[in-house]
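Structural features, examined
Okay, here's what each chain looks like letter by letter:
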Amino acid sequence: MPTDFDLYDYLLIGHGLAGALLARELRGRGHRVLVYDEPRPDAASRVAAGLMNPVAGKRFALTWRAHDTLPAAVAYYQALGEELGEEFFQASPILKVFGSAQEQAQMLARAAEGDPWQGFVANIATESIERPGLLAPHGGAWLRGGGHLRVEALLAALAHQGRAAGWLREETFNWEALVADGSGVAYAPGRLRAHHVVCCQGAAALACPHFSWLPLTPNQGAVLDVAVSGLDAAQVLNRGAYVVPGQESGQFRVGATYRWPPFAAEPGDDDQRELAGRLTALTPLSFEVVGERRGVRPAVRDRRPLLGRHPALPWLSLFGGFGSKGVSLAPRLAHQLADYLGHGGELWPDVTLARYYALYPAP
């Protein structure tokens, strides 16, 4: 082994939310970790409103593994905020507004089956909901146990910490320059060696030559930052789009669209018209669009994350495929992956990379 190389236990590629939380988990266990990250303006973590929603979709389905992930995520972000001296997570009710009498009837029919939401639905309103600036003539459902995370601010704080401590390098990582041998890998451009490498690049993992066989598809989403004077900011609103209160009074983030490749080269009017239309369905108040952002999510065929070791390269793992659920899932799964890598812990069967091993091309 060359003596002029720095030695690390883990080399992580990517410092979006997944990579940042995994790096923190591994460092907290005493491992020597180095993270490479090329800051990208279209990274999903830097665009997302950070919504944690326990009930989603037109079928009012309980979010996958809600009881395993949401309480853990809330506790994690609150503790992290105390550690860093800044509040990043806001626990707040979510008002899922019914768009029609039919939607209301569907929700009531599900409620008649018992409690399919296991306590995450606090109340169902069947009459018009009177809130400043709100259109909810058919009522809605009040959800608890969720909230929203200031993802970009959290990542900026962790990146500042990483630059100061020297465990974060904000530069492009070249997968082709990674050389494996019996004891791990060497990366000559950075003059380092590592026992294990974890790809945490989100949708950019498609550019990693070792994971191109996975059913990972980029999905583009747009959000609007809007100013709405007079709209009640006591809760998150949800009806076809979410409306999340911002840091400044009267500021909100509205999202998100879902676009499949090929993506438009430049922001167009379609996303803005679609999101403005959804906001208009929730409030009669006039609003001003003060910003538009677009990011690319990593979408998986079965809508579950991808965790675990490469089928042929024991020194390489993946931590990604979170889609729009990274805020709620990443804390719990970062802990799980760290157990798996360090002590042979078990991964949930519905997230393990092994479920797709059959797609790996034979040598």
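What you are looking at is a predicted structure, and each value in this text was computed from that prediction instead of being measured.

Attention now goes to the sheet that holds strand 3 (residues 51-52). An order of 3-10-6 is seen for the 3 strands of this open sheet, with the pairing classed as antiparallel. The open sheet is flanked by strand 3 and strand 6 (89-91), the only strands paired with a single partner. As paired elements, strand 6 and strand 10 (residues 147-149) share 3 bridges and run antiparallel to each other. Opposite Ala91, over in strand 10, you have Gly147 as the bridge partner.

Glancing now at helix 1 (residues 17-28). With 12 residues, helix 1 should cover 16 Å at 1.5 Å per step; its first-to-last C-alpha distance of 16 Å lies within 8% of that length. Counting buried residues in helix 1 gives 9 out of 12 residues, a clear majority hidden from the surface. Backbone geometry just after helix 1 places Gly30 at a positive phi near 90°.

This part covers the packing of aromatic side chains. What the rule picks out here adds up to 10 aromatic pairs. Between Phe173 and Tyr187, the aromatic rings sit 4.3 Å apart at their centres with planes inclined by 25°, giving stacked as the arrangement. Residue Phe173 is found in the loop between strand 11 (168-169) and strand 12 (178-181), and its partner Tyr187 is found in strand 13 (residues 184-187); the two are separated by 14 residues along the sequence. For the pair Phe173 and Tyr187, one class covers both residues: buried. For the cation-ring pair, Arg297 lies above Tyr258, with the distance from its terminal atom to the ring centre recorded as 4.0 Å. Note that Arg309 overlies the ring of Tyr340, its terminal NZ or CZ placed 5.0 Å from the centroid.

Attention shifts here to the environment of Tyr77. Along the chain, Tyr77 turns up in helix 2 (residues 66-84). Look at Tyr77 and you get buried, because its relative accessible area is 1%. In the structure, Tyr77 is positioned 107 residues away from Gly184 in sequence and 33 Å away in space, judged by C-alpha atoms. Sequence-distant contacts of Tyr77, that is, excluding residues within four places in its chain, are made with Leu17, Leu21, Met52, Phe89, Leu149, Leu154, Gly326, Val327 and Pro331.

Rules behind the numbers
- Residues numbered from 1 in each chain as written.
- Predicted model: local features only at pLDDT ≥ 70, side-chain atom pairs only at ≥ 80, totals over all residues.
- Heavy atoms only, no water.
- Pairing = 2+ DSSP bridges.
- Helix = DSSP H or I, 4+ residues; strand = E, 2+ residues; numbered from the N terminus.
- Expected span 1.5 Å × (residues − 1).
- Buried < 20%, exposed > 50% of the residue type's maximum accessible area, 1.4 Å probe, protein only.
- Phe/Tyr/Trp six-rings, centres within 6.5 Å; stacked < 30°, edge-to-face > 60°.
- Lys NZ or Arg CZ within 6 Å of the ring centre and 35° of its normal.
- Contact = heavy atoms within 4.5 Å.

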